[in-house]
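Chain by chain, the residues:
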Amino acid sequence: MPSEDAAPPLDVDQILADPGVRIVVCCGAGGVGKTTTAAALALRAAERHGRRTVVLTIDPARRLAQSLGLTELDNTPRQVKGIDVEESGGELHAMMLDMKRTFDDVVLQHTDPAKAAEIFANPFYQAMSSTFAGTQEYMAMEKLGQLHARGEWDLIVVDTPPSRSALDFLDAPARLSRFLDGRMLRLLLAPARTGGRSMFSFVTAGFGMFSKAVQKIIGAQLLTDLSGFVAALDSMFGGFRQRAEQTYRILQARETAFLLVAAPEPDAVREAAYFAGRLREEHMPLAGLVLNRVHRPAVPDLSAADSLAAAARLEHAGGHEGTVEVLRAHAALAQQAVREQRVAARFTEAFPAVPAVSVTAQPADVHDVDGLRTIGEAISRR
Amino acid sequence: MVTGKGGTGKTSVAAALALGLAAGGRRTLLVEVEGRQGIAQLFGTDPLPYEERHLTEARGGGEVRALAVDAEEALLEYLDMFYKLGAAGRALRKLGAIDFATTIAPGLRDVLLTGKVKEATTRTSGQRRVYDAVVLDAPPTGRIGRFLNVTAETARLAKVGPIKTQSDGVAALLRSPMAAVHVVTLLEEMPVQETVDAIAELTQLGFPIGRVIVNGARPPVPTGRAVTSAELKRGLAAADLPTDARTVAALAGEARDQQVRRELEDSLRADLVELGLPLTELPLLPEGVDRAGLETLAETLVRAD
């Protein structure tokens with residue numbers, strides 16, 4: 001299809017086989033088959049390229065999770081059995097992210113058990129660790145950092161959270177670390193302590209009022225809880241920020257390959273283009289675009305118009321109902337393919353140098369290892 | 001309120017619903033709350049400000065207005081109403097204090113967003129409500145329960161005070177007969193699964209479910225007998241098309257894949273029917289969602305009501 005002619009072909013096998021590539025991050029809009037793509041790539045890396053691989057999934061479809069043996073969300077990688085690695089000697093491990101548990105682990109790592117218990121009991125921590133906007137994104141990155149630090153795997157394949165906007169995923173560590181940095185927290189809790197001549201003095205009056213307003217709105221109890229939370233977390237701020245920065249640097253390193261996952265739909269392609277621009281700005285290595293769910297007629301020479309005209313002729317003549325149906329189905333497929341090419345071209349025109357591969361839509365949804373293998377083949381089709 | 005898994009087209013459906021409900025001289029407000037500027041993209045307008053703006057005319061002299069609610073702006077507005085912050089408020093925003101305040105209390109953000117929806121819904125001018133209907137392009141299925149269940153979220157943090165009062169008012173409206181949550185899906189496995197899960201969650205939380213809306217639906221096909229290669233070859237010959245083995249096999253293969261897909265769609269459709277809720281199917285728009293397409297969707301939605 002034209003969008004592929006315009007873009008250099010993406011060689012997924014080369015990425016998966018490269019010992020220098022240690023992390024593959026799959027990102028893109030929700031509903032484009034990101035998790036399936038991540039699982040299929042990980043399976044292929046293990047089976048074909050003999051790599052000891054772990055795939056970190058965020059929120060897999062139930063049946064896909066089951067096919068990987070992920071029946072419980074226990075936040076640790078489990079080896080996937082029953083795959084074809086005898087020849088290659090690879091391994092596949094899979095895990096599902098448990099956001100709260102990952103957060104708990106971070107707290108435990110940075111403080112003593114008594115203080116950790118105090119933090120865990122704080123209602124503010126409870127609310128934040130399960131609902132704070134960006135926590136899931138941040139914890140996905142944290143988990144990636146942990147897996148990377150353990151050095152047990154040749155390759156880590158990460159599925160990213162279905163963010164409102166693809167940017168949340170890149171911004172979350174910085175946002176959370178900024179938040180936990182506590183400058184604003186401290187200001188809010190004790191404006192007096194910052195001293196009369198701080199850089200904030202020009203708004204001190206407004207700030208006092210603001211603090212009072214917040215106290216009125218969210219209640220004094222909350223501020224007390226918050227205060228306790230801040231005090232308890234105080235010693236950990238440096239650690240949090242350092243880890244976020246570390247992960248950020250790993251994402252910029254040559255050992256990482258970002259794969260954009262999209263489907264030939266306007267929203268998904270727009271999101272992919274936005275993300276491609278952002279990765280470039282952040283100097284993060286974009287390896288290519290995987291365009292999922294592409295429709296391709298098996299008889300490309302027979303156009304939709306000709307097919308419909310032939311169907312009309314046959315219908316008029318009578319006696320070929322089966323063929324009429326087949327021709328109409330073909331016409332619909334051909335029309336869809338043309339539409340999809342138009343949509344996909346918006347990406348390739350904006351980023352002509354980004355390698356791309358199209359994956360043909362599967363007639364049915366994928367939820368077993370065989371299905372993942374088929375997808376892996378399709379992504380690697382040269 | 002219109003929710004659905006990401007990628008199912010809930011923004012288009014919300015826009016079509018606002019158009020349909022405005023037809024015939026009525027006025028509706030289309031609201032988005034996630035800062036995605038999905039409405040502006042759909043209608044090809046400049047990004048929407050935090051301000052109710054004329055979006056478009058509806059058939060028969062109606063009007064659709066649009067609003068992109070921003071939690072920070074809503075907080076400033078709220079504070080201003082009670083505390084007259086003025087310039088100090090703007091300075092605080094520069095410092096990131098407002099962003100901070102809307103993130104420290106999870107749920108505060110959502111109360112501010114849904115609170116704005118409540119305010120617009122109940123606003124009157126003279127004896128009349130300003131809007132005949134307010135359509136909210138709500139967060140996706142994965143977060144809709146938490147988003148709407150503001151009372152529970154804020155109750156964890158604020159036991160008394162204005163926020164508590166505010167969230168109680170929002171909760172009462174969202175659970176009243178004035179409100180309905182419509183769930184948009186595609187005939188694909190994941191969206192249907194999330195639809196079923198979201199409806200169970202919302203029902204349990206006491207929110208009135210409106211209808212299940214299947215977007216991009218193709219009508220069910222009668223599961224006919226598959227055509228044999230010999231029949232297909234004869235048919236192609238009769239239509240003066242190539243009849244070589246490769247073409248025949250390829251076309252038969254396309255038809256087979258199509259059949260598999262259709263059967264899966266039919267079984268997913270049956271899962272949705274089993275929910276026992278009103279089901280509306282919106283046609284697949286081959287040319288994408290343009291203005292004419294939105295009108296088609298709007299008519300289908302309103303006719304279904």
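Values in this document were obtained by computation on a predicted structure and should not be read as measured data.

## Digging into the overall build of chain A
1) Next: When helices and strands are tallied, chain A shows 17 helices and eight strands.
2) Next: The 382 residues of chain A split such that 49% are buried.
3) Next: Partitioning the contacts of chain A with sequence separation of at least 6, the portion at a separation of at least 24 is 79%.

## A look at the overall build of chain B
1) Next: A count of helical and extended segments in chain B gives 13 helices and 10 strands.
2) Next: Out of the 305 residues in chain B, the part that is buried amounts to 46%.

## A closer look at the nonpolar core
1) Next: Val24(A), Leu260(A) and Ala262(A) are the most contacted members of the largest nonpolar core, which has 82 residues in total.
2) Next: Looking at which element gives the most residues to this core, the answer is helix α3 (residues 34–47) of chain A, with eight residues.
3) Next: In contact with Ala262(A), not counting residues within four places along its chain, are Gly28(A), Ala29(A), Val32(A), Ala268(A), Val269(A), Ala272(A), Leu289(A) and Leu291(A).
4) Next: Listed in part, the 66 residues of the second largest apolar core include Val64(B), Val69(B), Ala74(B) and Val214(B).

## Some words on the packing of helix α1 (residues 10–22) of chain B against helix α13 (residues 291–304) of chain B
Residues and elements named next belong to chain B.
1) Next: One way to put it is that α1 packs onto α13 with a least axis distance of 8 Å and a crossing angle of 70°. Comparing the axis directions of α1 and α13 gives the class roughly perpendicular. Note that α1 runs across α13; the crossing there is right-handed. Contact residues: α1 offers Ser12, Val13, Ala15, Ala16, Leu17, Leu19, Gly20 and Leu21, while α13 offers Leu294, Glu295, Leu297, Ala298, Glu299, Leu301 and Val302.

## Things to note about the sheet that holds strand β7 (residues 286–294) of chain A
All names here are of chain A.
1) Next: Read across the open sheet, the eight strands follow the order β3-β4-β2-β5-β1-β6-β7-β8; overall the sheet is mixed. Looking at which strands have only one partner, the edges of the open sheet turn out to be β3 (78–79) and β8 (356–360).
2) Next: Bridge analysis of strand β2 (residues 52–57) against strand β5 (residues 155–159) gives four bridges, and the strand direction is parallel. The partner of threonine 53 across the bridge, within β5, is leucine 155.
3) Next: Of the strands in this sheet, β1 (23–27), β2, β4 (91–96), β5, β6 (256–262) and β7 are in contact with α3, which crosses β2 at around 170°.

## Structural notes on the packing of helix α15 (residues 304–317) of chain A against helix α16 (residues 321–350) of chain A
All names here are of chain A.
1) Next: Between α15 and α16, the least distance of the axes is 8 Å, while the angle of their chain directions is 160°. Compared by their axis directions, α15 and α16 come out roughly antiparallel. The interaxial crossing formed by α15 with α16 has left-handed handedness. On the side of α15, the interface is formed by Ala304, Ser307, Leu308, Ala310, Ala311, Leu314 and Glu315, while α16 contributes Thr323, Val324, Leu327, Arg328, His330, Ala331, Ala334 and Gln335.
2) Next: Within the contact of α15 with α16, the residues separate by chemical class into nine nonpolar, four polar and two charged.

## A word on helix α12 (residues 245–273) of chain B
1) Next: For α12(B), built from 29 residues, the straight-helix expectation of 42 Å at 1.5 Å per residue is met to within 8% by its first-to-last C-alpha distance of 42 Å.
2) Next: Here the buried face of α12(B) lies against α16 of chain A together with α10 (189–205), β9 (209–217), α11 (229–238) and β10 (279–283) of chain B.

## Focus on the environment of Ala250(B)
1) Next: Among the structural elements, Ala250(B) can be located in helix α12.
2) Next: Along the primary structure Ala250(B) and Tyr131(B) are separated by 119 residues, whereas in three dimensions their C-alpha atoms are 55 Å apart.
3) Next: Excluding its chain neighbours within four sequence positions, the residues that come into contact with Ala250(B) are Ala298(A) and Val299(A).

## Side note on α15(A)
Residue and element names in this part refer to chain A.
1) Next: The end-to-end C-alpha separation of α15 is 20 Å, in line with the 20 Å expected for 14 residues at 1.5 Å each.
2) Next: Within the span of α15, buried status applies to Ser307, Ala310, Ala311 and Leu314. In a view along the axis of α15, the buried residues occupy a sector of 105°, so they form one face of it. Residues of α15 that are exposed and point over 90 degrees away from its buried face: Ala305 and His316.

## Overview of the confidence of the model for chain A
1) Next: Summing up the model confidence of chain A, the mean pLDDT is 81 and the portion of residues at 70 or higher is 75%.
2) Next: Scored below 50 in pLDDT, residues 191–205 of chain A shows 15 contacts in the model against residues more than four places distant or in partner chains.

## Side note on unusual backbone geometry
Residue and element names in this part refer to chain A.
1) Next: The phi dihedral of histidine 283 is positive, around 55°, even though this residue is not glycine.
2) Next: Phi is positive for arginine 293, which is not a glycine, with a value near 55°.
3) Next: Its location among the elements puts arginine 293 in strand β7.
4) Next: A count of 19 C-beta atoms within 10 Å places arginine 293 in the partly exposed class.

## Observations concerning the environment of Asn215(B)
All names here are of chain B.
1) Next: Looking at where asparagine 215 falls in the secondary structure, it is placed in strand β9.
2) Next: Measuring from C-alpha to C-alpha, the distance between asparagine 215 and glutamate 119 comes to 30 Å, with 96 residues separating the pair along the chain.
3) Next: Look past the residues within four positions of asparagine 215 in its chain and what remains in contact with it is Thr8, Gly9, Val13, Val184, Thr185, Leu186 and Leu282.

## Some remarks on the confidence of the model for chain B
For residues with low pLDDT, the predicted coordinates do not support detailed interpretation.
All names here are of chain B.
1) Next: Mean pLDDT for chain B: 86, with 84% of residues reaching 70 or above.
2) Next: When pLDDT is averaged over each element of chain B, strand β8 (residues 181–185) comes out on top at 98 and helix α5 (residues 97–104) at the bottom at 56.
3) Next: Here the complex is predicted with pTM 0.81, and the ipTM for its interfaces comes to 0.75.

## Notes on the pairing of strand β7 (residues 133–137) of chain B
Residues and elements named next belong to chain B.
1) Next: Within β7, four of the five residues are buried, which leaves the element mostly enclosed by the surrounding structure.
2) Next: Relative to β7, strand β2 (residues 27–32) runs parallel, the two being bridged by five bridges. Bridge assignment links valine 31 to a residue of β7, and that residue is leucine 136.

## Observations concerning the pairing of β8(A)
Across a regular strand the side chains alternate sides, sitting on one face of the sheet and then on the other.
Residue and element names in this part refer to chain A.
1) Next: For β8, the tally of buried residues reaches four of five residues, placing the bulk of the element in the interior.
2) Next: As paired elements, β7 and β8 share four bridges and run parallel to each other. Counted as the bridge partner of leucine 291 is serine 358 from β8.

Cut-off values and rules
Residues numbered from 1 in each chain as written. Chains lettered and ligands numbered in written order. Predicted model: local features only at pLDDT ≥ 70, side-chain atom pairs only at ≥ 80, totals over all residues. Helix = DSSP H or I, 4+ residues; strand = E, 2+ residues; numbered from the N terminus. Buried ≥ 20, exposed ≤ 12 C-beta atoms within 10 Å, placed from the backbone. Contact = placed C-beta atoms within 7 Å. Core = buried A, V, L, I, M, F, W, Y, C linked by C-beta atoms within 7 Å. Axes fitted to C-alpha atoms, helices over the stretch in contact; angles between N-to-C directions. Parallel < 35°, antiparallel > 145°, perpendicular 65-115°, else oblique. Left-handed = near helix turned anticlockwise from the far one by under 90°. Pairing = 2+ DSSP bridges. Nonpolar A, V, L, I, M, F, W, Y, C, P; charged D, E, K, R; others polar. Expected span 1.5 Å × (residues − 1). Arc of directions from axis to C-beta. pLDDT = per-residue confidence, 0-100.

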